[in-house]
Amino acid sequence: MQDALPAFVLNSETLPRKPMSEAPANQTESSPQAGPQGQARGLSDERLMLAFTQGSSEAFTELFQRYKQPVYGFFCRRVSNPANAEELTQETFFALLRAASRYEPRALFRTYLYAIGFKILRAHRRKTAFRAAFLGQRNSVPDASKHDATESGLWVRHAVEKLEPVDREIVMLREFEQLSYVEIADLLQLPLNTVRSRLFRARTALRELLEPTQQETTRNKP
Amino acid sequence: MNSTTHEFPSEEVMAFLDGELLPERAAAIAAHLKTCSECSSVASGFRVLSGQTATWRVERVPQSLDRIVTLPRTDEGRGTRSFFRSGSHWGFLSPFRRIIIAVSGVGALLLLFAIGAPNLLRSRIAANESSAVGSLRTLNTAAVTYRDTYGHYPPSLRSFGPATRGKPNEEGADLVDPVLASGRKSGYLFTYRAYPGFRDETYTIQADPLDLRSSGVRHFSTDQTGVLYANGVELGGYAPAEISHSAEGDAASLRSRGVLAGGDSSARLDGPMIARAVSLSIMVKDFDAGRASLDAILARRNGYAASLRVSTPQGSARALEASLRVPAPQLVATLEELKSLGRVEGETQTGEEVTQQHSDLVARLKNSQETELRLQDVLRTRTGKVKDVLEVEEEIARVRGEIEQMEAEQKTLEHRVDFATIDLKLAEEYKAQLNTPAPSVLMQLRNAAVDGFRNAFESLLALVLFLAESGPSLLLWLALLGIPAWRLWRRFRRAQSLGSLAGA
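Small disclaimer: the values here were computed from a predicted structure and weren't measured.

Colleague: Looking at this structure, how should I read the overall build of chain B?
Modeller: Across its full length, chain B holds 14 helices and eleven strands. Of all intrachain contacts in chain B linking residues separated by at least 6 positions in sequence, the fraction that spans at least 24 positions is 65%.

As C-alpha cells, then:
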C-alpha cells in the first residue's frame, strides 16, 4: 500500500472538486478526501486502487466509503427507482472488484469508476427497454418524494429532464458529480471544446427553465 | 454581453467559475470581474444556478450497501485475491457469459465447418477421380512403352515402377512413379491384370476408390485399347495413336487365337456386326462362392470387369453389381456359366446392329484417305502461289483430323462388337438367422472407438484442409470488410452511448 506510484499516475488530490457556488478552485489545492480507514485515509484514490490491486482490502473499503454516496447519487438521479439505484451501485463496485486486476492508472480513478457506472447504467437501460418492449413491463413511476426533499429540488429535476440528452448528461456530471471538463470529455468521448460549449448551452437553457420558479419563489416571499 | 464589447466571453467566465482556466487567464478574469458589473452579473447568474441545482439532493445511501465491504472476498468476483492470481483477461465476464461466448464460438466454427466440409469433400473426390483417370492414362502409355521395349506387356503393376536395384529391367521398367506402381494413389486402388495365356497381348487395369464415401465414387477401368470407362460407360475418346494401333494388333492376335470373331475389317463386312449387351440378375445362395466363380469365369473367358461394386449391408443380403466385358464369341458360354451360379431372376439381351454404321464409317474413311492422298499429290506436283499452297495444307490438316476421328470411332465401334457387355447383378439369397451372432460388446466398443478416431481425424484433416484452402481468402475478406465494419461499429457504439443518455 505504501508503494510509490509510477510517474505517469494522475493524482486526484491535485484536482478541484468544488461546486461553482463556492469560490473558483485553486488548481494546486488538494481536496480533502479523507476516509475513516487508518492508513488509507490520506492517500489518493489512485494509490488506494493500486494498493487494492495488490490485495489490500482496507484500500477497497476506503474507496468504497469515499464513493458509495457519489455513485449512489449518480444512479439515483438517473434511474426511476432508488432500489434500482442501490442495486446498480452494488453492481458497480462488484465490477470494480472483478476488473481490479486489469486496472492501470492511466486516468483518474474517479473517471474510471464513473465509466464503469455508465456501462452498467446503459446495460440497465437496455434491459429495461427490452422488458418494456417485449415483456410489457413498464418502468416504475419515479417517486419524487424519495429523491427530492424540497420543491426547488423537484423543479430542478423537471428542468434538467427537459434538456437535450447529451447536454443534460454534461451538466449533471459537472453539477452533481463535480467532474472536470476533461473527465467529462473522456467519459462521453467528446472533444473538450464541445463539452465546454455544450455545458454553457445547457446551463443557459437550464437557467431559463428555472427562472419562472425563481420569480415565483421571490413573489411568495413576504 | 458579447465578445465584441467584453474581453471575456460568458463561456470563459463560466469556465473560470468552474476552475477550468489556466492560472494567468483565471487571474485576468478575476481582475476583470471586479471592474465589469455586467460580467459580474453573468458570474453571479451561474453561481445562483449552481446553488439551485444543488437543491436536488438524493437520500443517503442505504446501510445495506455496506455489505459489499463486509462480504468475504471469495463471494463476489471470484474473490479479489484468487482473481488476481488467475491473471485472467476474461475476468470481466460472468461465467454465464463466458459459456455463451464459448458455445457461440464453437457453434460458429461448426457451422463454418458444416458449410465448408461437404464442398471440401466433393472437391477432394473430384481431384482423386481426376488423378485416377490421369494415372490410368499414364499406365496405358507406360504399358505400350514397356511392350515396345520388352516385347510384351508388364506382368504386374510393380513392373511399371522403378527397379529395386540397378538399371531399369523387366521387373522394374521405371516408367511410372513408385507410388502408382505400389497400387495405391490419391484414394484409389489400382489393379492390373495380364491374362494367363495372353500375357503379352492384353491387359486390364481397374481403379477402385479405397473409400466410397470420401476418396471417390466412380470406378474406372481401361485395357490395351486405351479406352477409359467410368462405371462401365466410356469416358471419352482418348486413344493415343500408338495405343490404338497396338490395340488393333491385340485384337488381331486374339482373333488369330480364335478368341475374337472375324479376322479383319473386311472380314467384318462379310457378316452383320452386332454390339451385344446383356443384363442379368441372378440370385445366389452362397455369395462368396458366387463371387469366386465370377472371377474364375472372367479369367477363363478372357473377360474383365469394367466396374464392380459390392455392398454388404448389416442385417440384409449382400449384392454385387458389375459391368463385365467379354469377347463376343465367348458371350454365350459366359452367360451359361453365369446362369449356373444361381437362380436367374431377370435377363435382357439387346443387340445393336452397327454394320451399316461401320460400313459408312469405313467408306467415309476410305474417301477421306483418298482425298488426303490426292491433296498430298497436288501439293507435291503442282506449283502455284504461296496462298494456294497454304490453303492445300490447311485442307490436308482438316482431312487428317477427320480421318483420325473416324479411325477412333471405328475402333470404338469394333471394340463394342468384339467385346459384349454384361451388366450383372448378383444378389445373395438372404436367410434371416434366428441366432445371428451379435458382435461382442468389446468388439462393438472397439469398432466404435476406431470409427470415432477415424472420424475425428478426418474431421480435423478436413478442417485443416479447409483452413489451408479458404484461410487466406477469409483473412483477405476479413481485412477488407472487417476493418471498415469495426470502425463503423465503434462509431455506432459511440452514437449509441450518447443516445442512451436520453434515459429510460
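Past the structure itself, the notes keep going.
Colleague: Teacher, can you tell me more about the overall build of chain A here?
Modeller: The secondary structure content of chain A amounts to nine helices and zero strands. Taken from N to C terminus, the helices and strands of chain A fall in the order α-α-α-α-α-α-α-α-α. By residue count, 41% of the 222 residues in chain A fall in the buried class. Taking as baseline every contact in chain A between residues at least 6 positions apart, the subset at least 24 positions apart corresponds to 61%.

Colleague: Sorry if this is basic, but what is going on with the sheet that holds strand S8 (residues 304-311) of chain B here?
Modeller: Strand-to-strand pairing in sheets goes through backbone hydrogen bonds, with the strands running parallel or antiparallel. Residues and elements named next belong to chain B. In space, the five strands of this open sheet follow the order S8-S9-S11-S7-S10, with mixed pairing throughout. In this open sheet, the two edge strands, each paired with only one partner strand, are S8 and strand S10 (343-353). Direction aside, the axes of adjacent strands within the sheet are offset by 10 degrees on average. Where strand S9 (residues 319-327) meets strand S11 (residues 419-428), nine bridges bridge the pair, whose relative direction is antiparallel. Directly across from Ala322, in S11, lies its bridge partner Leu424. Strands strand S7 (274-284), S8, S9 and S11 of the sheet are contacted by helix H10 (residues 287-300), whose axis makes an angle of about 170 degrees with S11.

Colleague: Help me understand helix H2 (residues 23-35) of chain B in this model?
Modeller: It helps to recall that an α-helix has 3.6 residues per turn; residues three or four apart then point in one direction. Counted at 1.5 Å a residue, the expected span for H2 of chain B with its 13 residues is 18 Å, and the 19 Å between its end C-alpha atoms agrees. Looking at the buried positions of H2 of chain B, the neighbouring elements they touch are helix H1 (10-17) and helix H3 (37-53) of chain B.

Colleague: Just checking my understanding: could you explain unusual backbone geometry for this structure?
Modeller: Across the chain, the bulk of peptide bonds are trans and the bulk of non-glycine residues have phi less than zero. For Gln178 of chain A, which is not glycine, the phi dihedral falls at a positive 55 degrees. Inspection of the secondary structure assignment puts Gln178 of chain A in the loop between helix H7 (165-175) and helix H8 (181-188). Taking the C-beta count within 10 Å as the criterion, Gln178 of chain A has 19 such neighbours and is therefore assigned partly exposed. Located in the positive-phi region is Asn302 of chain B, a residue other than glycine, with phi close to 60 degrees. Here Asn302 of chain B is to be found in the loop between H10 and S8.

Colleague: What should I look at first to understand the pairing of S9 of chain B in this one?
Modeller: Remark: a regular strand shows side chains that alternate across the two faces of the sheet. Residues and elements named next belong to chain B. Where burial is concerned, most of S9 is hidden: seven out of the nine residues are buried. Bridge count for S8 against S9 is seven bridges, and the pairing is antiparallel. From the neighbouring strand, Leu308 faces S9, where its bridge partner is Ala322.

Colleague: Help me understand the packing of helix H1 (residues 45-53) of chain A against helix H2 (residues 57-76) of chain A in this model?
Modeller: The geometry of a pair of packed helices is captured by two quantities: the angle between their axes and the separation between those axes. All names here are of chain A. Interaxial distance between H1 and H2 falls to 8 Å at its minimum, and their mutual angle equals 140 degrees. When the axes of H1 and H2 are compared, the pair comes out oblique. H2 is crossed by H1, and the crossing has left-handed handedness. Of the residues in H2, those in contact with Asp45, Leu48, Met49, Ala51 and Phe52 of H1 are Ala59, Phe60, Glu62, Leu63 and Arg66. Looking at the contact of H1 with H2 residue by residue, the classes come out as seven nonpolar, no polar and three charged.

Colleague: Looking at this structure, how should I read the nonpolar core?
Modeller: One broad rule of soluble globular proteins: the nonpolar side chains tend to lie buried together. Counting residues in hydrophobic clusters, the biggest one holds 72 residues, and the most contacted among them are Phe75 of chain A together with Val13 of chain B. Examining the composition of this core, we find that ten residues originate from one element, H2 of chain A, more than from any other. Sequence-distant contacts of Val13 of chain B, that is, excluding residues within four places in its chain, are made with Phe8, Ile29, Cys39, Val42 and Ala43 of chain B. Among the nonpolar cores identified, the runner-up in size contains 57 residues, and Ala181, Leu298, Tyr304 and Ala420 of chain B belong to it.

Colleague: Sorry if this is basic, but what is going on with the confidence of the model for chain A here?
Modeller: Should pLDDT be low for a region, the predicted coordinates there are not to be read in detail. Residue and element names in this part refer to chain A. In the predicted model, chain A carries a mean pLDDT of 75, and 69% of its residues have values of at least 70. Here helix H5 (residues 144-147) stands out as the element of chain A with the lowest mean pLDDT, 50, in contrast to H7, whose mean of 91 is the highest. Low pLDDT, under 50, characterises residues 1-11; the stretch is placed with 18 contacts to residues that sit more than four places away or in other chains. Confidence drops under a pLDDT of 50 for residues 23-37, and excluding neighbours within four residues, the segment shows 31 contacts in the predicted structure.

Colleague: I tried to follow the pairing of S11 of chain B on my own but got confused; where do I start?
Modeller: Residue and element names in this part refer to chain B. Most of S11 is tucked away: eight of the ten residues are buried. Strand direction decides the pairing type here: S7 and S11, joined by eight bridges, are parallel. From the neighbouring strand, Ala277 faces S11, where its bridge partner is Thr421.

Colleague: Sorry if this is basic, but what is going on with the environment of Ala28 of chain B here?
Modeller: In this structure, Ala28 of chain B sits in helix H2. Counting along the chain gives 21 residues from Ala28 of chain B to Glu7 of chain B, while the straight-line C-alpha distance between them is 9.8 Å.

Colleague: How do you make sense of the packing of helix H12 (residues 355-381) of chain B against helix H13 (residues 386-418) of chain B when you look at a structure like this?
Modeller: Residue and element names in this part refer to chain B. At a closest axis distance of 9 Å, the pairing of H12 and H13 adopts a crossing angle of 155 degrees. With respect to each other, H12 and H13 are oriented roughly antiparallel. Considering how the two elements wind past one another, H12 and H13 form a crossing that is left-handed. Each residue belonging to the contact of H12 with H13 can be placed in one class, and the counts come to 13 nonpolar, seven polar and eight charged.

What counts and what doesn't
Residues numbered from 1 in each chain as written. Chains lettered and ligands numbered in written order. Predicted model: local features only at pLDDT ≥ 70, side-chain atom pairs only at ≥ 80, totals over all residues. Helix = DSSP H or I, 4+ residues; strand = E, 2+ residues; numbered from the N terminus. Contact = placed C-beta atoms within 7 Å. Buried ≥ 20, exposed ≤ 12 C-beta atoms within 10 Å, placed from the backbone. Pairing = 2+ DSSP bridges. Axes fitted to C-alpha atoms, helices over the stretch in contact; angles between N-to-C directions. Expected span 1.5 Å × (residues − 1). Parallel < 35°, antiparallel > 145°, perpendicular 65-115°, else oblique. Left-handed = near helix turned anticlockwise from the far one by under 90°. Nonpolar A, V, L, I, M, F, W, Y, C, P; charged D, E, K, R; others polar. Core = buried A, V, L, I, M, F, W, Y, C linked by C-beta atoms within 7 Å. pLDDT = per-residue confidence, 0-100.

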